[in-house]
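# An overview of the molecular structure
Here are the chains, one letter per residue:
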2 protein chains.
Amino acid sequence: MTGSDKDTDLSETPTPRGRGGRRASGGAAARRAARSGAKRAAAMPYITRRVPVYEVLDEEALARIEANADTVLEEVGIEFRDDEEALRLWKDAGADIRGQRVHFPKGLCRELLKTAPSVFTQHARNPERNVQIGGDATVFAPVYGPPFVRDLEGERRYATIEDFRNFVKLAYMAPSMHHSGGTVCEPVDIPVNKRHLDMVYSHIRYSDKPFMGSVTAPDRAEDTVAMCRILFGEQFVDNNTVVINLINANSPMVFDDTMLGAAKVYARANQACIVSPFILAGAMSPVTVAGTLTQILAEVMAGAAFTQLVRPGAPVLFGTFAASISMQSGAPTFGTPEPALVSYGAAQLARRLGLPFRTGGSLCGSKVPDAQAAHESANTLNTTLLAGTNFALHSAGWLEGGLVACFEKFMIDVDQLGMQQRFAEGVDMSETSLAMDAIREVGPGNHYLGCDHTRANFENAFYRSLIADNNSFEQWDMEGRKPAEQRANALARKWLENYEAPALDEGIDEALQAYIRQRKEAMPDAFG
Amino acid sequence: MTGSDKDTDLSETPTPRGRGGRRASGGAAARRAARSGAKRAAAMPYITRRVPVYEVLDEEALARIEANADTVLEEVGIEFRDDEEALRLWKDAGADIRGQRVHFPKGLCRELLKTAPSVFTQHARNPERNVQIGGDATVFAPVYGPPFVRDLEGERRYATIEDFRNFVKLAYMAPSMHHSGGTVCEPVDIPVNKRHLDMVYSHIRYSDKPFMGSVTAPDRAEDTVAMCRILFGEQFVDNNTVVINLINANSPMVFDDTMLGAAKVYARANQACIVSPFILAGAMSPVTVAGTLTQILAEVMAGAAFTQLVRPGAPVLFGTFAASISMQSGAPTFGTPEPALVSYGAAQLARRLGLPFRTGGSLCGSKVPDAQAAHESANTLNTTLLAGTNFALHSAGWLEGGLVACFEKFMIDVDQLGMQQRFAEGVDMSETSLAMDAIREVGPGNHYLGCDHTRANFENAFYRSLIADNNSFEQWDMEGRKPAEQRANALARKWLENYEAPALDEGIDEALQAYIRQRKEAMPDAFG
């Protein structure tokens, strides 16, 4: 049981598997590729869940929340702020407009949402990295939004474009990270009005996985779409979804002009919007789970239906960011039971509405990748998968309530994503897996270590952690008593060292760079 | 969102709740009691699950595994070693005995198990601490078995009786720890043939929660029952279950005379046995999930049915200890996907057999309470609750694959147990929780922090962590940048400082001490 444990070989990556629980033929090859830093990263396709979803609300509870959300939509209404066009669209659709507040006749939003697809494909520049959004698929995407990083020297500082690129590279190399994400951190060394160009370019240049667009101003959304057209071709972008975008509600019950502007750009271009109330329960929503679910449903129905007013059939997700606040200090808290109940409930409401669902990830409030970070992240991530979440932002790297993107946490998290992916394959019930021959061969009092069945099946039998040290205490002591975060640090350095960019057509690359140059030249620098 | 966060007030304990999701009237009082170290610990009753179980196997898969287990029982058989009485009992019951191996006609074990109760009560000396074993109840018990401790100075050393008592005290004080457990650590400073007396006495003296008995020799089991008779009265022990005992199968497919001897003592005395294959898959069972489940079911059916041969109606649990081994080094691994699938599947098999189920806890392979420890523990613990586990040994304090009992880990884990208990209450669908008044009162663009509904409901709205630091980075920095394990250390010291023993009848105490003295005088010292 002791001695050197190869599980902690830092050059290893988890064993990729083929779709549907069968082993990919390239398992060992993919591991070698990851070790050598070959051009093709050892990616696993998105998760196709073969285990059931977990549900916490019964039919009566769901119907009650839905009826109450309809009441909120009709009686309280939702504000669509500083956007005349939005109000006009709602008026034409039959809503009752009072000032900036839209009151929705019962059934209007639900009717509009009938044109939204329940499943769609987001295309990547490498078709092998295409992801399904919706149905029994789960797609993991990295942390989104932090202005700070915790770097590999352990310093907490403002993020730069180099940090941004490094997170893109690590996400590219992580087998169970299916998506390159969006603002993996804020590159604050680049003017705020220009940095979206560098972010989108970095996703395209340093990864071949699907990515997210800018939502901080309508013209930045336009830039994102323009760059996608250069990358994929105009026709392709018109007919396919190539970018997915985070449209936060300004909870409670407000959409502001920035988010509405971006939503309109993307919906018009047939690109995907995640309409996502950002909820710290007790502040942005009622202090209770059922009340929070009611408000979330009302907000999502209004925002998602709006995308269908803009362009019927545009892909849209039911999003939920669920956390609580400490009622003593006002600090946000993560990984606690109440947000888990919110996420499970919201997933059920999304399925009944026929929309793909986004929640969760690896959320935590800790300042360092310690036991607090891990417990909070694990509680959130287990919920994310079992809820049947289709798109999981913040799946790796999130620290300190989203203020910090952390490289060590990123590595610890992607290891956990690999475990979730394996779990989602469920129980193999083949004759081989049932193993009656092995039980007969071994018999009472012996062991299975050397039996034929074990030798034939051990290679991919168990998930091999990238981070866990299962050596003896003596071995671990001799190797310097490294805790998990130190092993994660070494792994991140190793991956970055071995990174090689996926090939990108030179003509496209030049066209992208020319577009960025031209756009930047037309802008003054803006910070803040 | 920043400033001092009272959530990290180390004197706090989680808010107790009444049964069935209603708040206990003594919530604040119980917190005050815990703070002041009052005689009555702020205990929460065992969990009554109001959320569904999660299941990974369909009817066809379950029937297949059951049919295969029947085949294993009949064709391969199970060894009952060095116990003539056991073989005779099986022969009389109609089994086919070949040497020490028992072959079971199809249906025999299942028929015998019809007399085993699916739900029973384990009584505690304080009736408020009685626990239900089975049905929709979940009972958390501490770590079991470690020869080493990681003490509050961070030293890893052999455990002593003082460590043992300290874990009993902490378990007594932890609101979501429903049980005092058994060998919370091995007090190796006491001779091996005598220490069971001091262990059982410590559970009785320093706690009033239910506890476990000795299984390391039949006469130690007899001592346990004798001490229970002194504590509860002879008549009461004959008619009620007052002690629960871990009977490990010697997997694959063997029960040895030590465990059989203890099982016979307890079953005859109407006390509960947990028949529990100890499985490191790939060594003690096939390298696959379905094969492992087949063997577990066969072993449990044989062992549990044996208790019914000894005394029909004696309480018995379907136990499963599920871990894998690294096929590279042979080291056991925890918190990975395969053992989770085993636990979920075994829980389903137990329900179909009508037996209460034991698995899981907060298992990990880490040497320190770091992110690895937390991730592995969280993965195991989430599975434990959602599987519908009735008795969860190792719920707090387990480190290094069970070799070490750790005080810091104990505190971190009991915090997580509180979260599980809260989660299990499910979603409150009362009018108050639906919060339509709050949504109407607050309206778009405002916040809920000061509204009537929030003020009326915030106190027990969200689980308050004992360990998490949700303060701002600046505050955390100023306070010395303490990671979770340091906060856990301070909390353990504080609890131990504030501990006060529950009252114990002096006559009973003297009788117990006299029994122990007399028994010890009759034995030579034995170490080893």
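Analysis parameters
Residues numbered from 1 in each chain as written. Chains lettered and ligands numbered in written order. Predicted model: local features only at pLDDT ≥ 70, side-chain atom pairs only at ≥ 80, totals over all residues. Heavy atoms only, no water. Domains from an automatic or database assignment. Disulfide = S-S within 2.5 Å. Least-squares fit on C-alpha atoms with pLDDT ≥ 70 in both. Contact = heavy atoms within 4.5 Å. Pairing = 2+ DSSP bridges. Helix = DSSP H or I, 4+ residues; strand = E, 2+ residues; numbered from the N terminus. Axes fitted to C-alpha atoms, helices over the stretch in contact; angles between N-to-C directions. Buried < 20%, exposed > 50% of the residue type's maximum accessible area, 1.4 Å probe, protein only. Buried area = accessible area lost by both parts, 1.4 Å probe. Salt bridge = Lys/Arg side-chain N within 4 Å of Asp/Glu carboxyl O. Polar contact = N/O pair within 3.5 Å; in protein donor to acceptor, adjacent residues only side chain to side chain. Core = buried A, V, L, I, M, F, W, Y, C linked by side-chain atoms within 4.5 Å. Phe/Tyr/Trp six-rings, centres within 6.5 Å; stacked < 30°, edge-to-face > 60°. Lys NZ or Arg CZ within 6 Å of the ring centre and 35° of its normal. Parallel < 35°, antiparallel > 145°, perpendicular 65-115°, else oblique. Left-handed = near helix turned anticlockwise from the far one by under 90°. Nonpolar A, V, L, I, M, F, W, Y, C, P; charged D, E, K, R; others polar. Right-handed = clockwise from strand over helix to strand, strands pointing away. pLDDT = per-residue confidence, 0-100.

Time to look at the domain arrangement of chain A. For chain A, the assigned domains are domain 1 (27–54 + 113–424) and domain 2 (431–461). Relative placement of domain 1 of chain A and domain 2 of chain A: their C-alpha centres are 41 Å apart.

Residues and elements named next belong to chain A. In the structure shown here, the tally under the stated rule is zero disulfides over all chains. Cysteine Cys-228 remains unbridged, with the sulfur of Cys-273 as its closest cysteine sulfur at 13 Å. With no disulfide partner, Cys-364 has as its closest neighbouring cysteine sulfur the one in Cys-406, 8.7 Å distant.

Between chain A and chain B, the superposition needs a rotation of 180° and an axial shift of 0.0 Å, giving an RMSD of 0.0 Å. Both copies are brought into coincidence by an operation consistent with a two-fold rotation axis. The position closest to the rotation axis in chain A is occupied by the C-alpha of Ala-371 of chain A, lying 2.2 Å away. A high fraction, 100%, of the interface residues of chain A reappear at the interface in chain B, so the copies pair face to face through one surface.

Sheets are built from strands paired through backbone hydrogen bonds, the pairs being either parallel or antiparallel. Residues and elements named next belong to chain B. Pairing is mixed in the open sheet, where four strands are placed in the order β9-β8-β20-β19. Two strands close off the open sheet at either side, each with one partner strand: β9 (156–158) and β19 (398–399). One ladder, built from three bridges, connects strand β8 (residues 148–150) with strand β20 (residues 404–406); its direction is parallel. By the bridge assignment for β20, Val-149 is matched with Ala-405. The strands touched by helix α13 (residues 407–423) are β8, β19 and β20; relative to β20, the strand with the most contacts, the crossing angle is about 65°.

Quick look at the pairing of strand β11 (residues 243–249) of chain A now. Residues and elements named next belong to chain A. Of all seven residues that make up β11, six are buried, and the element is covered over most of its length. Strand direction decides the pairing type here: strand β10 (residues 211–212) and β11, joined by two bridges, are parallel. Paired with Phe-211 across the bridge in β11 is Val-243. In terms of strand pairing, β11 meets strand β13 (residues 272–281) through six bridges, oriented parallel. Along β13, the bridge assignment pairs Asn-245 with Cys-273.

On the chain B side, the residues contacting the 123 residues of chain A number 123 residues. Interface area for chain A against chain B, summed over the two sides, is near 9,900 Å², with a carbon-plus-sulfur share of 67%. One can count eight salt bridges joining chain A with chain B. Linking Arg-64 of chain A and Glu-431 of chain B is a salt bridge whose minimum nitrogen-to-oxygen distance equals 2.2 Å. For the pair chain A and chain B, the number of links is 34 residue pairs in polar contact (both at pLDDT 80 or more). When residues of the side of chain A that touches chain B are assigned to their parent elements, the largest contribution, ten residues, is made by helix α12 (residues 371–386) of chain A.

Our next topic: the nonpolar core. In terms of nonpolar packing, the biggest core is built from 361 residues, with Phe-80, Trp-90 and Phe-318 of chain A together with Phe-80, Trp-90 and Phe-318 of chain B touching the most fellow members. Filtering out sequence-adjacent residues up to four positions away, Phe-318 of chain B remains in contact with Val-275, Ile-296, Leu-297, Val-300, Ala-346, Leu-349, Ala-350, Leu-353, Leu-355, Pro-356, Phe-357 and Arg-358 of chain B.

The next point concerns the sheet that holds strand β2 (residues 78–80) of chain B. All names here are of chain B. Sheet architecture is open: four strands sit in the order β3-β4-β2-β12, paired in mixed fashion. At either end of the open sheet lies a strand with only one pairing partner, and these are β3 (96–98) and β12 (254–255). When β2 meets β12, the two strands line up parallel, connected through two bridges. Within the sheet, the bridge partner assigned to Phe-80 lies in β12 and is Phe-255.

Under the definition given, this model contains 35 aromatic pairs over all chains. Aromatic side chains Phe-167 of chain A and Phe-410 of chain A sit 5.7 Å apart centroid to centroid with 55° between the ring planes, which places their arrangement in the tilted category. Here Phe-167 of chain A is found in helix α5 (residues 161–173), whereas its partner Phe-410 of chain A is found in helix α13 (residues 407–423), with 243 residues between them in sequence. Judged by relative accessible area, Phe-167 of chain A falls into the buried class, the value being 1%. Every member of this aromatic cluster is reached through a ring pair, and the members are Tyr-54, Tyr-344 and Phe-423 of chain A together with Tyr-54, Tyr-344 and Phe-423 of chain B. Its end group placed over the ring of Tyr-206 of chain A, Lys-169 of chain A keeps NZ or CZ at 5.3 Å from the ring centre. Above the face of the Phe-148 of chain B ring, Arg-156 of chain B is positioned so that its terminal group lies 4.3 Å from the ring centre.

Moving on, we come to the side chain of Thr-292 of chain A. All names here are of chain A. One can find Thr-292 in helix α10 (residues 289–310). Relative accessible area serves as the criterion here: at 2%, Thr-292 is assigned to the buried category. Residues contacting Thr-292, with those up to four places away along its chain left out, are Ile-279, Ala-281, Ser-285, Pro-286 and Val-342.

What follows concerns the packing of helix α11 (residues 337–353) of chain B against helix α12 (residues 371–386) of chain B. Residues and elements named next belong to chain B. Between α11 and α12, the least distance of the axes is 9 Å, while the angle of their chain directions is 15°. Comparing the axis directions of α11 and α12 gives the class roughly parallel. Relative to α12, α11 is oriented so that their crossing is right-handed. Along the contact surface, α11 presents Ala-340, Ser-343 and Tyr-344, while α12 presents Asn-382, Thr-383 and Leu-386. Here the residues of the contact of α11 with α12 are counted per class, giving three nonpolar, three polar and no charged.

Residues and elements named next belong to chain A. In strand β14 (residues 316–319), alternate side chains face the same way, and those of Val-316 and Phe-318 on one face and Leu-317 and Gly-319 on the other are all buried. Pairing geometry for β13 and β14, over three bridges, is parallel. Looking at β14, one finds that Val-275 is bridged to Phe-318. Handedness of the crossover is the feature at issue here: the chain leaves β13, passes through α10, returns alongside β14, and the resulting connection is right-handed. Of the strand pairs in this sheet, β14 and strand β17 (residues 357–358) are connected by two bridges, and their pairing is parallel. Of the residues in β17, the one forming a bridge with Gly-319 is Arg-358.

With that settled, the discussion passes to the confidence of the model for chain A. Should the pLDDT be low somewhere, the predicted coordinates at that spot are not to be read in detail. Residue and element names in this part refer to chain A. Looking at chain A as a whole, its pLDDT mean stands at 92, while 91% of the residues score no less than 70. The model gives residues 1–41 a pLDDT under 50, and that stretch makes 106 contacts with residues more than four places away or in other chains. Across the whole predicted complex the pTM is 0.93, and at the interface the ipTM reaches 0.93.

Now for the environment of Phe-104 of chain A. Residues and elements named next belong to chain A. With respect to the helices, strands and loops of the structure, Phe-104 is situated in the loop between β4 (101–103) and α4 (108–112). Note on Phe-104: relative accessible area 1%, which makes it buried. Along the chain, Phe-104 and Ala-93 lie eleven residues apart, while their C-alpha atoms are 9.6 Å from each other. Other than its neighbours up to four places away in sequence, Phe-104 contacts Leu-73, Glu-74, Ile-78, Phe-80, Trp-90, Cys-109 and Ala-302.

Before going further, it helps to examine unusual backbone geometry. Residues and elements named next belong to chain A. A cis amide bond, omega 5°, links Ser-251 with the succeeding residue Pro-252. For Pro-252, the location among the structural elements is in the loop between β11 and β12 (254–255). Not every positive phi belongs to a glycine, and His-394 is a case in point at roughly 60°. Locating His-394 in the fold gives a position in the loop between β18 (391–392) and β19 (398–399).

This part is about the pattern of salt bridges. Counted by the stated rule, this structure contains 62 salt bridges over all chains. In this structure, Glu-59 of chain B engages Arg-352 of chain B in a salt bridge whose closest nitrogen and oxygen atoms are separated by 2.9 Å. Here Glu-59 of chain B, found in helix α2 (residues 59–76), pairs with Arg-352 of chain B, found in helix α11; they are 293 residues apart in sequence, far enough to count as distant. In this structure Glu-59 of chain B comes out as exposed when scored by relative accessible area, which is 51%. Salt-bridge contacts for Arg-268 of chain B lead to Glu-85 of chain B; the nearest nitrogen and oxygen are separated by 2.4 Å. Of this pair, Arg-268 of chain B sits in helix α9 (residues 257–268) while Glu-85 of chain B sits in helix α3 (residues 84–92), and the two are 183 residues apart along the sequence. Classification of Glu-85 of chain B by relative accessible area gives partly exposed; the value is 25%. Residues participating in the shared-partner salt-bridge network are Asp-83, Glu-85, Lys-264 and Arg-268 of chain A.

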